[in-house]
Amino acid sequence: MKRQEEQALRRKIGDLDAHCGWKDYTVNDGPARGVRALDLNNGRNVRVTVLADRGMDVAGLSYRGLQAAFLSKTGVRSPFLYQEDGARGFLRQFTAGLLTTCGLAYAGAPFEEDGLKYGLHGPFSNTPARGVLAEKAYEGDDAVLRVAGEVRQAEVFGAHLSLTREIRLETERDVLRIEDTVENRGFEESPLMLVYHVNFGYPLLDAGARIYSGASSVEPRDENARRGMDRWDRAEEPQASIPEECFFHTGYAEEGWAMLHNPALGAAAILRFDAQALPLLCEWKCMREGDYALGLEPTTSGVLGRPAARKDGTLAFLQPGERRTFRLGIEFTDDAARIGKYAVNRAGVKA
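Residues numbered from 1 in each chain as written. Predicted model: local features only at pLDDT ≥ 70, side-chain atom pairs only at ≥ 80, totals over all residues. Heavy atoms only, no water.

1. Some points on the overall build of the protein chain
Broken down by element type, the protein chain carries five helices and 22 strands. Taken against the 2.2 N^0.38 rule, which gives 20 Å for 351 residues, the C-alpha radius of gyration of the protein chain at 20 Å falls within 12% of a compact globule. Along the longest, intermediate and shortest principal axes, the C-alpha atoms of the protein chain span 65 × 50 × 40 Å. Out of the 351 residues belonging to the protein chain, those deemed buried represent 54%. Counting contacts in the protein chain only where the partners sit at least 6 residues apart, residues at least 24 apart contribute 64% of the total. For the protein chain, the accessible surface area stands at approximately 15300 Å², while carbon and sulfur atoms represent 48% of it. Here the protein chain contributes 45 positively and 51 negatively charged side chains, and the mean placements of these two sets differ by 2 Å. (Helix = DSSP H or I, 4+ residues; strand = E, 2+ residues; numbered from the N terminus. Rg over C-alpha atoms; globule rule 2.2 N^0.38 Å. Buried < 20%, exposed > 50% of the residue type's maximum accessible area, 1.4 Å probe, protein only. Contact = heavy atoms within 4.5 Å. Areas by Shrake-Rupley, 256 points an atom, 1.4 Å probe, with all protein chains shown as cover. Lys, Arg positive; Asp, Glu negative; His and termini not counted. Charge placed at Lys NZ, Arg CZ, Asp CG, Glu CD.)

Structure representation (structure tokens):
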């Protein structure tokens with residue numbers, strides 16, 4: 001929506017927010033009771049739910065009236081139900097949605113270090129944001145729906161990290177943008193790990209959908225994934241009790257990208273990210289009945305856990321007072337020419 005079009009639209013629409021705007025509310029039922037959420041509608045094809053009380057992560061996202069995100073069987077759950085219990089604590093709370101953010105000082109596999117136990121993917125997505133605001137802003141003449149807030153992770157005698165997030169939903173294109181700035185507000189060096197767990201589900205994900213990547217290398221995480229290397233780029237029908245497969249995409253140019261394309265729907269989701277800050281993308285391919293999902297996950301240091309990242313030299317650190325910014329965007333499109341631009345895998349990648 002352009003600012004100059006708004007007055008003309010008011011001839012036909014009494015409340016423009018019903019056409020293009022946002023709603024701020026609190027859930028009143030079930031395990032999600034008390035969770036603050038915001039619904040954004042860009043007036044075109046995209047509707048988004050942002051969970052202010054779950055790290056400002058993105059739950060559902062519909063495109064052309066179809067759900068594009070993977071919404072897990074747990075549903076939305078209050079962060080106050082979270083217990084950091086190895087992998088199970090995270091999985092009991094894993095709403096998934098379009099985006100679950102993992103971090104900040106550790107992410108990936110659970111581990112034990114210096115006598116302390118650390119859970120799968122860290123506590124970020126179960127931490128309520130503070131200072132959350134929503135507005136319709138303007139970039140030139142174009143309206144943009146904007147949500148911003150801060151998530152703080154702090155511990156007495158421990159780290160003090162802050163992530164300031166801005167989510168922008170464009171109204172002239174079907175593009176969702178996320179910009180995070182992480183700051184070390186403590187007085188000692190702190191590890192920094194982030195995994196942007198971007199999750200797609202049915203019907204955008206379905207048998208026959210294809211996965212494309214701008215990576216120059218795709219490697220399996222383990223022997224199970226190695227057996228599936230000849231089909232890393234294809235979605236299949238769900239199967240009973242089939243194990244998940246993870247593939248590591250590396251060797252991106254300055255801007256990394258990956259795409260999920262469903263030819264039957266004529267629709268695609270294109271993920272773009274800063275590959276200098278997020279050099280590895282984990283493809284989480286889960287073709288299991290009831291947990292049917294595709295994760296395209298840009299990361300700072302992989303998903304094998306902080307000890308593994310420390311050992312292989314990929315673990316990042318923030319000095320006291322240092323800030324680092326991370327950006328990614330997700331575009332939804334049915335433009336055949338636009339899809340065709342990305343419907344190719346780089347040399348060296350089995351397509």
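There is more to say after this.
2. Description of the sheet that holds strand S12 (residues 175–184)
If you walk across this open sheet you meet the eight strands as S9-S10-S11-S12-S22-S18-S17-S14, and the pairing is antiparallel. Unpaired on one side and paired on the other, strand S9 (130–139) and strand S14 (210–213) mark the two borders of the sheet. Direction aside, the axes of adjacent strands within the sheet are offset by 15 degrees on average. Relative to strand S10 (residues 142–154), S9 is paired through eight bridges, and the arrangement is antiparallel. Its bridge partner lying in S10, Ala137 is registered against Val144. (Pairing = 2+ DSSP bridges. Axes fitted to C-alpha atoms, helices over the stretch in contact; angles between N-to-C directions.)

3. What about the pattern of salt bridges?
All chains considered together, the criterion is met by 36 salt bridges. Between Asp222 and Arg221 there is a salt bridge; the shortest N-O distance is 3.5 Å. Relative accessible area serves as the criterion here: at 30%, Asp222 is assigned to the partly exposed category. Notably, a salt bridge pairs Glu244 with Arg221, separated by 3.3 Å at the nearest N-O pair. With Glu244 in the loop between helix H3 (223–226) and strand S16 (245–250) and Arg221 in the loop between strand S15 (217–220) and H3, the pair connects residues that are 23 residues apart, well separated along the chain. On the basis of relative accessible area, Arg221 is assigned to the partly exposed category, the value being 31%. What emerges from the salt-bridge pattern is a single network uniting Arg130, Glu150, Arg152, Glu183, Arg185 and Arg323. (Salt bridge = Lys/Arg side-chain N within 4 Å of Asp/Glu carboxyl O.)

4. Considering empty space enclosed by the protein
Tallied over the entire structure, the rule returns two cavities of 30 Å³ or more. As a volume, the largest cavity reaches approximately 70 Å³. Residue lining of the largest cavity: Tyr63, Arg64, Leu66, Gln67, Ala68, Pro203, Leu204, Leu265, Ala267 and Phe332, and that is the complete set. Partitioning the lining of the largest cavity into residue classes produces eight nonpolar, one polar and one charged. There is about 60 Å³ of room inside the second largest cavity. Leu51, Arg54, Asp57, Val58, Ala59, Thr95, Ala96, Leu99, Thr100 and Ser125 are the residues that line the second largest cavity. (1 Å grid on protein atoms, 1.4 Å probe; cavity = no way out; pocket = protein on both sides within 12 Å on 5 of 7 lines; lining within 4 Å. Points joined across faces, edges and corners; volume = space filled by probe spheres on them. Nonpolar A, V, L, I, M, F, W, Y, C, P; charged D, E, K, R; others polar.)

5. Comments concerning the nonpolar core
One finds Val48, Leu98, Phe200 and Phe332 to be the most contacted residues of the largest nonpolar core, which totals 71 residues. Counting residues per element, this core draws most heavily on strand S13 (residues 190–200), at five residues. Formed by 19 residues, the second largest nonpolar core is a distinct cluster that contains Met193, Cys246, Leu280 and Trp284. (Core = buried A, V, L, I, M, F, W, Y, C linked by side-chain atoms within 4.5 Å.)

6. Structural notes on the pairing of S13
Within a regular strand, side chains alternate between the sheet's two faces. Burial within S13 is extensive, with 11 of its 11 residues counted as buried. Burial along S13 is two-sided: Ser190, Leu192, Leu194, Tyr196, Val198 and Phe200 and Pro191, Met193, Val195, His197 and Asn199, pointing in opposite directions, are all buried. Inspection of the sheet shows strand S6 (residues 99–104) paired to S13 by six bridges, in the antiparallel sense. The partner of Thr101 across the bridge, within S13, is Tyr196. Of the strand pairs in this sheet, S13 and strand S21 (residues 316–318) are connected by three bridges, and their pairing is antiparallel. Directly across from Pro191, in S21, lies its bridge partner Phe317. Pairing of S13 with strand S20 (residues 291–299), which is carried by four bridges, proceeds in the antiparallel orientation.

7. Things to note about the packing of aromatic side chains
A full pass over the atoms with the stated rule returns nine aromatic pairs. Ring centres of Tyr106 and Phe111 lie 5.9 Å apart, and the angle between their planes is 85 degrees; on these two criteria the pair is classed as edge-to-face. The two residues Tyr106 and Phe111 agree in class, both being buried. Their ring planes at 10 degrees and their centres at 4.6 Å tell us that Phe111 and Tyr118 sit as a pair that is stacked. Like Phe111, the residue Tyr118 is buried in the burial classification. By the ring-pair criterion, three or more aromatic residues cluster together here, those being Phe70, Phe90, Phe94 and Trp284. For Lys23, the ring lying beneath its charged end belongs to Tyr25, and the centroid distance is 5.1 Å. (Phe/Tyr/Trp six-rings, centres within 6.5 Å; stacked < 30°, edge-to-face > 60°. Lys NZ or Arg CZ within 6 Å of the ring centre and 35° of its normal.)

On their own, these measurements won't tell you what the molecule is for.
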